[in-house]
Amino acid sequence: MAVKTDNFQSPDYFNVDELLSDEQKLVRESVRNYVKKEISPIIEDYAQKALFPEQIVPQLGGLGCFGPTIPEQYGGGGLDYISYGLMMQELERGDSGVRSTASVQGSLVMYPIYQYGNEEQRNKYLPKLASGEWLGCFGLTEPNHGSDPSSMLTNIKDNGDGYVLLNGAKMWISNAPFAQVAVVWARNEQNEIQGLIVERGMEGFSTPTTHGKWSLRASATGELVFDNVKVPKENILPNVKGLKGPLGCLTKARYGIAWGAIGAAMDCYDTALQYSKERIQFGKPIGGFQLQQKKLAEMITEITKAQLLNWRMGVLMNEGKVTPQQVSMAKRNACEVATNIARNARQMLGGMGITGEYSVMRHMMNLESVITYEGTHDIHLLITGMDVTGLNAFK
Ligand code: TGC
Ligand code: FAD
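To start, this report covers the structure provided alongside it. (Residues numbered from 1 in each chain as written. Chains lettered and ligands numbered in written order. Predicted model: local features only at pLDDT ≥ 70, side-chain atom pairs only at ≥ 80, totals over all residues. Heavy atoms only, no water.)

Looking now at the side chain of Asn366. Mapped onto the secondary structure, Asn366 falls in helix α10 (residues 360-370). From its side chain, Asn366 meets the backbone nitrogen of Leu216 in a polar contact 2.8 Å long. Once residues within four sequence positions are removed from consideration, Asn366 is found in contact with Asp95, Ser96, Gly97, Ser215, Leu216 and Arg217. (Helix = DSSP H or I, 4+ residues; strand = E, 2+ residues; numbered from the N terminus. Polar contact = N/O pair within 3.5 Å; in protein donor to acceptor, adjacent residues only side chain to side chain. Contact = heavy atoms within 4.5 Å.)

To continue, consider the layout of surface pockets. By volume, the largest pocket amounts to about 1300 Å³. Lining the largest pocket we find 43 residues, and of these Gly146, Leu250, Arg254, Glu374 and Gly375 sit closest to its centre. Where the lining of the largest pocket is concerned, the elements lending two or more residues are α5 (96-116), β3 (163-174), α7 (244-278), α9 (324-348), α10 and α11 (377-389). Looking at side-chain class alone, the lining of the largest pocket contains 18 nonpolar, 17 polar and eight charged residues. (1 Å grid on protein atoms, 1.4 Å probe; cavity = no way out; pocket = protein on both sides within 12 Å on 5 of 7 lines; lining within 4 Å. Points joined across faces, edges and corners; volume = space filled by probe spheres on them. Nonpolar A, V, L, I, M, F, W, Y, C, P; charged D, E, K, R; others polar.)

Unoccupied space between atoms shows up once a probe the size of one water molecule is rolled over them. For the structure shown, the criterion picks out two cavities of 30 Å³ or more. What the largest cavity holds in volume is close to 130 Å³. Of all the secondary structure elements, the ones that give two or more residues to the lining of the largest cavity are α1 (22-39), α4 (81-94), α7 and α8 (290-318). The element contributing the most residues to the lining of the largest cavity is α8, with three residues. Looking at the lining of the largest cavity residue by residue, the class counts come to seven nonpolar, four polar and four charged. Each of two domains, domain 1 (16-131) and domain 3 (244-389), supplies a minimum of three residues to the lining of the largest cavity. Approximately 80 Å³ is the volume attributed to the second largest cavity. As for the second largest cavity, its lining consists of Gly67, Pro68, Thr69, Ile70, Tyr81, Tyr84, Gly106, Ser107, Tyr111 and Lys252. When contributions to the lining of the second largest cavity are tallied by element, the ones reaching two or more residues are α4 and α5. Take the lining of the second largest cavity: its biggest share by element is three residues, from α5. Here the lining of the second largest cavity is composed, by residue class, of five nonpolar, four polar and one charged. (Domains from an automatic or database assignment.)

One can describe the packing of α1 onto helix α3 (residues 56-63) by two numbers: an axis separation of 11 Å at closest approach and a directional angle of 160 degrees. As the angle between them shows, α1 and α3 are arranged roughly antiparallel. For the pair α1 and α3, the crossing hand works out as right-handed. Residues Ser30, Val31, Tyr34, Glu38 and Ile39 of α1 form the contact with α3, whose own contacting residues are Ile56, Gln59, Leu60 and Leu63. (Axes fitted to C-alpha atoms, helices over the stretch in contact; angles between N-to-C directions. Parallel < 35°, antiparallel > 145°, perpendicular 65-115°, else oblique. Left-handed = near helix turned anticlockwise from the far one by under 90°.)

Okay, structure coming up:
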């Protein structure tokens, strides 16, 4: 496939740029330039072939996209949450799978080691994860427990010799086939959920690849299988017990997804806008027809609303005031908006919309995963429903 030129023009209808600091704009610019140079030219080819572009791991590390809010002493970027959000926006503008790689590494692997780990664990793992020397994954979902992780069966038993024995299986795990390190959530003998760091090479630990995905094809997904894996007790994350451990990580990752999904939507909108001005039918550009303008007008309206919501969420996150329920709303909204925009943009491109000549169909298929993982659309509706009514409709 021919190398692509990326002519992305970022939509900013309500001058949201004016709300950003110079540092935040600089961060965004560097990731945008990286995506134009290293991701856009190759990503369609990798997605078509269902290959994970392994080279992005050290590249993203070098760019500071892994753990940007983790303190610099552990290799993180020491940046604020709006910078982090803008990074995720730009990465997902390129491809949701690339953003996934960064989200998992930063929010689901580095964050729990930083937040729930001890100093030795932080020093041992965080710098290597930050630089991209190591890739990590996060194991919460199981074959029979997705939306309801509280019912997980994966378990640890004290082996009496400084080790625990880990048994069970995790499914749908991003980065798993290439990861050196897995943060795994399991039940202990007191029935409490605990996190532990499992390393590739531990006997009884395998990571079979998941094949046949029509979505996130350039992201590697796999299982984590544990068959009496002897994990040193020192690999248990000491500072959290219970489901709030993994759910706390999800809040950080959902935050990044809310920004990321809008990045994908911005790319779909920009592609459809440019196409509508160039594609002539019935003697004029299709952008001159009212039906196409309605689609574009609705797209830019929804993108703008979501950009403002994300910015406000970032401010609250920086102030330590955001609630998990607010993050949940922003994640759900961004995914729904982006999914609808991708579908409409694809239609606006006519037959060309189903080809890899344009990014839109790839985004559209990717977003089906993004609206499903980190809590499905339904689960996030129920989180908001419970928050506003005080009544639990999950069970
Ligand atoms: P519940 O009783 O509500 O809560 C248990 C404890 O956790 C606390 N909590 C949270 N803390 C931080 N952030 C959140 N978002 C939190 N939600 C709840 C809660 O306060 C409580 O604390 P405590 O101190 O009282 O113990 O738990 P529940 O079992 O009723 O479940 C609630 C529910 C359904 C919302 C939760 O299970 C859920 O969110 N389910 C969705 C599962 C999910 O999102 N899985 C994601 C797997 S990872 C993934 O998809 C990665 S893809 C990444 C990529 O590739 O980019
Ligand atoms: P289910 O929970 O079986 O849900 C099926 C349907 O039932 C959904 O429509 C859901 O909304 C609905 N439903 C469930 N409960 C209720 C209810 N109470 N009320 C109403 N409707 C309900 N997980 C990880 O741990 N780590 C990862 O890195 C990871 N990466 C992923 C990558 C990809 C590409 C995908 C697709 C998934 C990934 N996941 C990961 C798993 C993801 O988080 C789960 O798929 C998601 O949480 C949903 O779980 P499930 O697939 O088991 O669906």
